[in-house]
Amino acid sequence: MDSVGQARMAAHNAGRTDGLTVAPNLRAGVGLVREGAGTALVGSYAEVAARIDEYAALGIDEFVLSGWPHREEAERVGAEVLPLVTAPVAAAPGRSPVAGVPTR
């Protein structure tokens, strides 16, 4: 891939499986099993929610939360993780606070 992000991820882990921890509950090994740059929040539901709160406190206001299989993981995150997130979510006008989905 010609992606700068992909090149950085490949350089970070160099195909190895050790040293993939980037920060607490943040792993860089996603690129070892699929194409594209990416990291994964891992841990218990409470740990993942706490990391989302920490990132939100730093000013990050959008997250791409995906997993495999997609539907089951979306349901699990919606039911188990998002209720534990305490950081307020400010949606843009006409958008829902969940994934920026347009409201009707």
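All figures in this text were calculated on a predicted structure; none of them were measured in a lab.

Draft legend 1. Seen up close, the sheet that holds strand 3 (residues 40-41). Read from one edge to the other, the open sheet built from three strands follows the order 1-2-3, with strand pairing classed as antiparallel. Only two strands of the sheet have a single neighbouring strand rather than two, namely strand 1 (21-23) and strand 3. The sheet contact formed by strand 1 and strand 2 (residues 26-27) spans two bridges and is antiparallel. Following the sheet pairing, threonine 21 is matched in strand 2 by arginine 27.

Draft legend 2. Spotlight on unusual backbone geometry. Positive phi outside glycine occurs at asparagine 25, with the angle close to 65°. Residue position: asparagine 25 is located in the loop between strand 1 and strand 2.

Cut-off values and rules
Residues numbered from 1 in each chain as written. Predicted model: local features only at pLDDT ≥ 70, side-chain atom pairs only at ≥ 80, totals over all residues. Heavy atoms only, no water. Pairing = 2+ DSSP bridges. Helix = DSSP H or I, 4+ residues; strand = E, 2+ residues; numbered from the N terminus.

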